[in-house]
Structure formats: C-alpha cells, structure tokens
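Overview (structure and organization)
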Amino acid sequence: MGCLCTKLRIKHQDPVRIKHQDLAVLASQTNFNEAQVEALCKLFKKLSSSLTEDGLISKEEFQLGLFRNSKRKSLIADRLFQLFDSKQDGVIEFEEFVRSLSVFHPEAPLAEKVAFAFQLYDMRQTGFIERSEVKKLILALLQESDLILPDDIVESIIDKTFKDADTGGDGKIDVREWEEFVIRNPTILKTMTIPYLKDLTTEFPSFVLISEIEDDLNK
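This one's a predicted model, so the numbers in the text were calculated from it and none came from an experiment.

What counts and what doesn't
- Residues numbered from 1 in each chain as written.
- Predicted model: local features only at pLDDT ≥ 70, side-chain atom pairs only at ≥ 80, totals over all residues.
- Heavy atoms only, no water.
- UniProt positions renumbered as here; feature names shortened; annotations may be inferred.
- Helix = DSSP H or I, 4+ residues; strand = E, 2+ residues; numbered from the N terminus.
- Buried < 20%, exposed > 50% of the residue type's maximum accessible area, 1.4 Å probe, protein only.
- Contact = heavy atoms within 4.5 Å.
- Salt bridge = Lys/Arg side-chain N within 4 Å of Asp/Glu carboxyl O.
- Axes fitted to C-alpha atoms, helices over the stretch in contact; angles between N-to-C directions.
- Parallel < 35°, antiparallel > 145°, perpendicular 65-115°, else oblique.
- Left-handed = near helix turned anticlockwise from the far one by under 90°.
- Nonpolar A, V, L, I, M, F, W, Y, C, P; charged D, E, K, R; others polar.
- Core = buried A, V, L, I, M, F, W, Y, C linked by side-chain atoms within 4.5 Å.
- Phe/Tyr/Trp six-rings, centres within 6.5 Å; stacked < 30°, edge-to-face > 60°.

1. Considering the UniProt feature "domain: EF-hand" (unreviewed entry) in the chain
The sites that UniProt annotates as "domain: EF-hand" (unreviewed entry) are residues 72–107, 109–144 and 153–188. What you have in residues 109–144 is 72% helix and 6% strand, and the ends, taken at the C-alpha atoms, are 28 Å apart. Between the first and last C-alpha atoms of residues 153–188 the distance is 18 Å; the span itself is 64% helix and 6% strand.

2. Details of helix α4 (residues 59–67)
Turning to α4, its buried residues number three or more, namely Glu 61, Phe 62, Gln 63 and Gly 65. Packed against the buried residues of α4 are α3 (34–48) and α5 (75–84). Positive backbone phi, at 60°, marks Arg 68, one or two positions downstream of α4.

3. Thoughts on the pattern of salt bridges
A full pass over the atoms with the stated rule returns 11 salt bridges. Residue Glu 155 is joined to Arg 131 by a salt bridge in which the shortest nitrogen-to-oxygen separation is 2.7 Å. One end of the pair, Glu 155, is in helix α9 (residues 151–165); the other, Arg 131, is in helix α8 (residues 131–144), with 24 residues separating them in the sequence. Using a relative accessible area of 21% as the deciding quantity, one classes Glu 155 as partly exposed. Of the charged contacts, one joins Arg 131 and Asp 159 as a salt bridge, the two residues approaching to 2.5 Å between their closest N and O atoms. Remark: Asp 159 occurs in helix α9 and Arg 131 occurs in helix α8; sequence separation between them is 28 residues. Judged by relative accessible area, Arg 131 falls into the partly exposed class, the value being 30%. Through salt bridges with shared partners, a single network forms among Arg 131, Lys 135, Asp 151, Glu 155 and Asp 159.

4. Looking at the side chain of Glu 93
One can find Glu 93 in the loop between α5 and α6 (94–102). Assessed through its relative accessible area of 1%, Glu 93 is described here as buried.

5. A closer look at unusual backbone geometry
Although it is not a glycine, Gln 88 adopts a positive phi angle of roughly 55°. With respect to the helices and strands, Gln 88 occurs in the loop between α5 and α6. Given a relative accessible area of 51%, Gln 88 falls into the exposed group. Despite not being glycine, Asp 146 has its phi angle at roughly 55°, a positive value. For Asp 146, a relative accessible area of 70% corresponds to the exposed category.

6. Notes on the packing of helix α7 (residues 110–121) against helix α10 (residues 175–184)
Relative to each other, α7 and α10 sit at 120°, their axes nearing to 10 Å. As the angle between them shows, α7 and α10 are arranged oblique. Handedness of the α7/α10 crossing: right-handed. Across the interface between the two elements, Val 114, Ala 117, Phe 118 and Tyr 121 of α7 pack against Val 175, Trp 178, Glu 179 and Val 182 of α10. Split into classes, the residues belonging to the contact of α7 with α10 amount to seven nonpolar, no polar and one charged.

7. Some thoughts on the nonpolar core
One finds Phe 32, Leu 40, Phe 84, Phe 97, Phe 104, Phe 116 and Trp 178 to be the most contacted residues of the largest nonpolar core, which totals 54 residues. At the level of secondary structure, the elements contributing two or more residues to this core comprise α2 (23–29), α3, α5, α6, α7, α8, α9 and α10. Sort the elements by how many residues they give to this core and α3 lands first, with seven residues. If sequence neighbours within four positions are ignored, Leu 40 has contacts with Phe 32, Phe 94, Phe 97, Val 98, Leu 101 and Leu 200.

8. Re the packing of aromatic side chains
Applying the stated criterion across every chain yields a total of eight aromatic pairs. Taking 5.4 Å as the distance between ring centres and 70° as the angle between the ring planes, the aromatic pair formed by Phe 44 and Phe 94 counts as edge-to-face. With Phe 44 in helix α3 and Phe 94 in helix α6, this residue pair connects regions lying 50 residues apart in the sequence. For the pair shown, Phe 44 and Phe 94 are each scored as buried.

This is how it looks when you write it as structure tokens:
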C-alpha cells in the first residue's frame, strides 16, 4: 500500500521526485523499515495539516507538534526546525522529516547522532562550538524545563565541558574534539535516541534534551 505523502502535490518540490520517494526507497536510505516509514507518513500528514493543508510542515506546525502551542518561543524548537529543514526553505517536506527523524532511531549509527548534535550546538554554523553557543543552549534547556540555576553554576558546567572537550585550548570545540568528547562521555548522546521510533504511533516524538544538564548537576 502506498503512502499518501508520496501522492501529495507539494509546492517547492518536483512532482517527478515525489513519485520516486516511495516507502521502499526511504526505508533503504534511512534507519526505518517500510512499516515505520508508513507510520511516519501518517504522522507527517497529521502535522502538516494541523494549521494549513499544504503537505508541508511549517515552523508553527512543528512547534504545535512539540508543545501543543504554535506561538511558543523556543530556541530548541528553532534549532531542531532549522536542522530538519535541510533545504532551508522555511518548511519541512516529507523526505526531510523522515531523514531527520532517522538520526534519532535506536539503530542509527553513532556517527549520525554525533554529527547532528554538533550541528545543534553550532548555531552560527562556523564549524566550531563556541562557549557562547553552549551557554545559550543550556539556558534554553533550563527554561524549557522551568529550572533556574545561578549563573556561576551555569558557568561551571561550561568550564567543565570546555576543559574536557577543548583539547586544543583555543576556546572552541571542533568536530574532531567533539567526536572524542562524546566517545569519552557517551551519556551526552542519550537524548539523540528516541526508543519508541521502533514502535511508531501518530504522536509526535519528544525531544527531551534537558537530561544532559541534569547529569552534569548530579555528578
């Protein structure tokens, strides 16, 4: 049975390309099987029609799926949307949706998770993770969880991170340093795995990233 998402007439996209994006192709190129892609198709259809029936997930629809509130301001949601929107055209198409969620699959290669997490932190897209970027993300994560920490505690978390990760001592973390840091601290990536992506429903997956801060506080 074909997925309705492959039959949608989606603007910004070549109809010929849509025709070839069937379940088998996406399953072969991601960490999902065909049944899981079929479930994602239903989820995509639900999300992309939550505000406007255009076969595309807008930023507001993405936020609505995450928070049940399309107007809520969230740096985390903004960063995730930017990464899901690989074409950077302001909307998420079905293929982008499946490929991005594939990174969070329990069976996704570690390298995919490491790269995605690096991009999440590299807000300015410089190829480095800088101290200011880490602080912005930490403060955003705390806000998402309604937690308040004194600035000196936040700074100590950042100090600890850079002491361990910035082996070059230049005040920023490059891709190689990040990879080595993650290997030494595998719990950092635990939020990059959503277990129930192996047993999909039509509910939007939850991106709970605050746990890595809680880990730091509990050490």
